[in-house]
There are 2 protein chains.
Amino acid sequence: MQINIPDDHPRAESLRIREKLIEGCLNGVVAYAGLIAHGRGEAFDYLIGEQTVEPAKRAIEAAVAALLTAEHPVISVNGNAAALVPQDLVKLAEITGAKLEVNLFYRSPEREEAIKRVLESAGAKEVLGVGENASARIPEVGSERRRVDPRGILIADVVLVPLEDGDRTEALVKMGKTVIAIDLNPLSRTAQTATITIVDNIIRAIPAMVSAAQRLKGQEDSLLRKILNEFDNRQNLAEMIEFIANRLKEIAKSKMSTASSGGF
Amino acid sequence: MQINIPDDHPRAESLRIREKLIEGCLNGVVAYAGLIAHGRGEAFDYLIGEQTVEPAKRAIEAAVAALLTAEHPVISVNGNAAALVPQDLVKLAEITGAKLEVNLFYRSPEREEAIKRVLESAGAKEVLGVGENASARIPEVGSERRRVDPRGILIADVVLVPLEDGDRTEALVKMGKTVIAIDLNPLSRTAQTATITIVDNIIRAIPAMVSAAQRLKGQEDSLLRKILNEFDNRQNLAEMIEFIANRLKEIAKSKMSTASSGGF
């Protein structure tokens with residue numbers, strides 16, 4: 001499966017990320033369904049122009065403010081996140097004082113261990129949620145009940161879930177937690193349900209969160225709470241959807257004007 | 001990996017298709033990259049509302065007219081297509097007199113054989129492009145040269161490529177062939193390069209092509225050529241992009257109007 005990607009390929013960067021995911025799948029870190037999920041993300045990333053747009057930047061600020069003012073912040077890590085940005089996840093946890101917890105939709109002891117190893121190789125000193133440690137259960141809508149670590153997500157007030165599904169996001173919100181989601185689809189149930197939704201590729205969002213955390217750490221609590229209070233997730237999501245729609249409109253217009261007259 | 005999908009899950013149908021693909025991957029029919037590609041398709045399908053919209057219906061008519069008026073029509077089959085709609089591909093080949101040819105981006109003798117078996121189980125009497133039969137090479141941009149069957153794609157005047165990549169579509173068009181692509185992303189190079197692009201899910205498009213072929217078969221050649229001549233692919237693609245943009249605009253508007261005032 002080793003593929004040589006020519007540097008001049010129009011989608012070289014995207015292809016390299018894709019290869020990381022496939023490698024993660026071969027190493028037991030990424031689930032098959034994780035590959036499909038990545039494809040969905042690719043499509044939406046393409047639509048937003050593979051850039052961190054303004055509403056996402058505001059969501060990143062608010063998310064970091066939430067993590068820094070939290071009592072028990074937790075970063076939930078799944079296979080895709082571990083395969084793509086392990087170092088940055090560890091850095092973000094360190095700066096914000098958040099715990100890292102492995103949390104999978106398709107649980108398997110092997111995959112949990114594999115993800116734990118990836119995080120440890122990236123410098124993590126403690127990784128929650130693996131094996132017997134995920135002994136607590138939380139109620140979850142429409143699917144099997146989810147197990148979490150009683151030292152992590154169970155007692156967390158703020159949980160960052162990069163790449164989570166709708167049911168689980170809803171379950172965490174219903175438990176009263178502040179849920180920060182990173183989801184490239186602004187229309188998804190995850191995006192619509194989370195407290196703060198960052199519509200961006202985790203490849204860009206997690207490093208941007210690290211920078212924001214370095215900048216905001218040590219600031220007055222009142223400033224952080226102000227950032228949080230001024231953030232409106234519904235408004236922010238609507239702006240993201242409009243941004244994509246406008247971008248498509250422009251592309252359609254330019255294609256339309258070059259449309260030949262009849263025949264093919 | 002057996003997952004129970006509750007019937008009342010909001011995305012049940014989409015989840016079932018996903019499971020078919022994952023099963024295909026486990027059986028060696030679908031490539032890892034095919035799972036990612038499926039995810040991209042899911043995202044765009046979601047944006048068009050998981051329906052066959054008007055421009056796609058027109059493209060389906062034109063595509064079937066092209067196949068029925070062709071001298072050597074060929075249906076190129078990859079892993080995803082074989083995993084999702086094997087019966088309908090065989091039916092379409094029968095009605096239009098097209099040959100079925102296995103054609104993979106990530107070639108492997110095992111996968112070729114696996115796809116051939118799937119098509120044969122679905123009733124195919126002849127499957128081209130497998131192993132030594134793919135002895136001809138065609139020039140291809142920016143990647144390794146592609147091998148095709150000298151009885152199939154090499155001499156084809158019309159080729160249906162459900163789910164093909166940009167480079168390969170371009171190569172076939174440059175060879176002077178009429179290329180029919182099925183691609184849910186109207187902006188992709190494949191969509192933009194093909195002669196006729198059906199922006200639809202193959203799950204719906206291939207059965208719709210079967211129906212159209214049953215209806216149009218036996219019609220006057222002049223009628224079929226008229227359908228073809230009246231079809232404008234650039235115009236059609238622009239309409240698809242506009243359709244998605246308008247749909248997003250409406251969603252954004254409805255989200256915006258329910259946006260709460262400040263805070264989260």
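Residues numbered from 1 in each chain as written. Chains lettered and ligands numbered in written order. Predicted model: local features only at pLDDT ≥ 70, side-chain atom pairs only at ≥ 80, totals over all residues. Heavy atoms only, no water.

Draft legend 1. Spotlight on the pairing of strand β2 (residues 99-102) of chain A. All names here are of chain A. With four bridges connecting them, strand β1 (residues 73-77) and β2 associate as parallel partners. Note on β2: the bridge partner recorded for isoleucine 75 is leucine 100. Bridge analysis of β2 against strand β3 (residues 127-128) gives two bridges, and the strand direction is parallel. Within β3, the residue paired with leucine 100 across the bridge is valine 127. (Pairing = 2+ DSSP bridges. Helix = DSSP H or I, 4+ residues; strand = E, 2+ residues; numbered from the N terminus.)

Draft legend 2. A look at the confidence of the model for chain A. Residue and element names in this part refer to chain A. The share of residues in chain A with pLDDT of 70 or more is 90%, and the mean pLDDT across the chain is 89. Here residues 259-264 is modelled with pLDDT under 50, and outside its nearest four sequence neighbours on either side it reaches 14 contacts, counting other chains as well. Two numbers describe this predicted complex: its pTM, 0.88, and its ipTM, 0.87. (pLDDT = per-residue confidence, 0-100. Contact = heavy atoms within 4.5 Å.)

Draft legend 3. A look at the nonpolar core. If you look at the biggest cluster of nonpolar residues, it comprises 122 residues, and the most contacted ones within it are Met209(A) and Met209(B). Apart from residues no more than four positions distant in its own chain, Met209(B) is found in contact with Ile60(B), Ala63(B), Val64(B), Leu67(B), Leu92(B), Leu160(B), Ile182(B) and Ile198(B). (Core = buried A, V, L, I, M, F, W, Y, C linked by side-chain atoms within 4.5 Å. Buried < 20%, exposed > 50% of the residue type's maximum accessible area, 1.4 Å probe, protein only.)

Draft legend 4. Inspection of the pattern of salt bridges at higher detail. All names here are of chain B. Counted under the stated rule, the structure contains 37 salt bridges over all chains. Linking arginine 215 and glutamate 61 is a salt bridge whose minimum nitrogen-to-oxygen distance equals 2.7 Å. Of the two residues, arginine 215 sits in helix α9 (residues 202-216) while glutamate 61 sits in helix α3 (residues 54-69), which places them 154 residues apart along the sequence. For glutamate 61, a relative accessible area of 22% puts it in the partly exposed group. (Salt bridge = Lys/Arg side-chain N within 4 Å of Asp/Glu carboxyl O.)

Draft legend 5. How the structure looks around a nonpolar patch on the surface. Residue and element names in this part refer to chain A. On the surface, a nonpolar cluster with roughly 220 Å² of combined accessible area is contributed by Leu154, Ile155 and Met175. Relative to the helices and strands, leucine 154 resides in the loop between β5 (146-148) and β6 (158-162). Owing to a relative accessible area of 31%, leucine 154 belongs among the partly exposed residues under this scheme. (Patch = residues over 30% accessible without salt bridge, like charges linked within 9 Å, V, L, I, M, F, W, Y side chains within 5 Å. Areas by Shrake-Rupley, 256 points an atom, 1.4 Å probe, with all protein chains shown as cover.)

Draft legend 6. Up close: the side chain of Arg18(A). Looking at the secondary structure, you find Arg18(A) in helix α1 (residues 12-26). Residue Arg18(A) is classed as buried on the basis of its relative accessible area of 12%. A polar side-chain atom of Arg18(A) sits 2.7 Å from a polar atom in the side chain of Glu42(A). For Arg18(A), the contacting residues outside a window of four places in its chain are His38(A), Glu42(A), Ile36(B) and Arg40(B). (Polar contact = N/O pair within 3.5 Å; in protein donor to acceptor, adjacent residues only side chain to side chain.)

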